[in-house]
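Structure assessment
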Amino acid sequence: MKKIPVLFLVSSDIDLKILNDSPRFLLYCFFSLAAIRYLENSSSRVPGQQLQDFLSKKIRRVKPLYLIVHLGLAFERYPVEFLNAVLDIKSIFPEIKMGMDKSIEYMLQGLEVLDTSSEKNKLLDRLAQNQSVFDMDKETAYLVGCLH
Amino acid sequence: MSITLVIVSTALASTFGASLATFLIQKYYDRRLEYYFNSRLEELKANLNVQGDIKNLIISKRLEIYPHIAELIYRLRNNLKEMCQKDPLTLEQAVDFLRFAEEYTEQIYSTRLYLERDRIFESLHNYKGHILTAKNSLLDWIYLTRDKPVKNTKSINKTMSQLREVYSHLDHQHRRLIRKLTELTQT
């Protein structure tokens, strides 16, 4: 039986053994990408470019049906870079079902700490245009539960 | 009037004028300096008050939040210990753990600004990682025991051993975290 690939975008490495062995998720095969390492030492001028590059590569290799995004440390420390990378990925791979593990309110709260209003406004505009990233079907929401 | 008198009186008048001007200028600058230092002093006092207020806010937030987080750390570890020791574990115990796990996660995220400032967020987040593993194992256990538990004995045992492994991590970390939170509450 061919399993459905699911990619988690998390802050740092997580152990997927339990989920991959889980009787609840026999239909799925889980993969992850730790975002923080591509944000901490990024030399790219475009915010989040390095993360976006690695995430694109991983998506091309794994071909996930779902991309589950964890709004954790990586988002809190690098909100602009992180969200730009996620929104870029959504536009490059529109067929991927995306799920976020926290609400849009939480995300906006995270953006409050930004000093530079131009960056924030640009990002808020992008978020407003891509609000659908927060819409989840039942199955995506179920998979998001793995990260809660 | 002799010319000498004129010269002397002119010299005196100009000396007086110069002295008066110097005196007035000095007074003016004295006032300016006094005003400048007084306003700086007021600014510093206000800054000190703000800093004092912030310090008090942080102390009261620590007193309000940290003991509760410490309690949750302890409860999660104890709850998991009981589940690993008792055979079979009960659904009530599993549900209790899931409830505490949710509360713990919510607490550390909602208060992360204070926790980050005190450089303890990362350790608490790491503890949360183990709790998430336990949560997923417990959900597996619930799933496996819901129907045909006999048929699933092997998988149930595997889940139990995963829980024991998570317990060893929680047991190893919980004392250090509680000690650190307690120290921060007392400072």
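Higher on the page you've got the structure.
Remember, it's a predicted structure, so these values are computed and weren't measured experimentally.

**Observations concerning the overall build of chain A**
In terms of helices and strands, chain A carries eight helices and four strands. Beginning at the N terminus, the succession of helices and strands in chain A can be written as β-α-β-α-α-β-α-α-β-α-α-α. Its C-alpha atoms give chain A a radius of gyration of 15 Å, within 12% of the compact-globule value 15 Å for 148 residues. Dimensions of chain A along its principal axes, counting C-alpha atoms only, are 50 × 30 × 25 Å.

**Concerning the layout of surface pockets**
If you add up the space inside the largest pocket, you get close to 730 Å³. If you trace the largest pocket, you find 31 residues lining it, with Ile14 and Asp15 of chain A together with Gly129, His130 and Thr133 of chain B closest to the centre. Of all the secondary structure elements, the ones that give two or more residues to the lining of the largest pocket are α1 (17–21), α2 (36–40) and α4 (73–77) of chain A together with α4 (121–146) and α5 (153–186) of chain B. In terms of residues, the lining of the largest pocket owes the most to one element, α4 of chain B, which gives nine residues. Along the lines of polarity and charge, the residues of the lining of the largest pocket split into eleven nonpolar, eleven polar and nine charged. The calculated volume of the second largest pocket comes to roughly 620 Å³. Along the walls of the second largest pocket sit 24 residues, with Lys102 and Tyr106 of chain A together with Thr105, Glu106 and Tyr109 of chain B positioned nearest its centre. Those elements that provide at least two residues to the lining of the second largest pocket are α6 (104–111) of chain A together with α2 (91–110), α3 (112–117) and α4 of chain B. Element by element, the count of residues in the lining of the second largest pocket is highest for α2 of chain B, at seven residues. The residue makeup of the lining of the second largest pocket, split by class, is ten nonpolar, six polar and eight charged.

So, how was this worked out
- Residues numbered from 1 in each chain as written.
- Chains lettered and ligands numbered in written order.
- Predicted model: local features only at pLDDT ≥ 70, side-chain atom pairs only at ≥ 80, totals over all residues.
- Heavy atoms only, no water.
- Helix = DSSP H or I, 4+ residues; strand = E, 2+ residues; numbered from the N terminus.
- Rg over C-alpha atoms; globule rule 2.2 N^0.38 Å.
- 1 Å grid on protein atoms, 1.4 Å probe; cavity = no way out; pocket = protein on both sides within 12 Å on 5 of 7 lines; lining within 4 Å.
- Points joined across faces, edges and corners; volume = space filled by probe spheres on them.
- Nonpolar A, V, L, I, M, F, W, Y, C, P; charged D, E, K, R; others polar.

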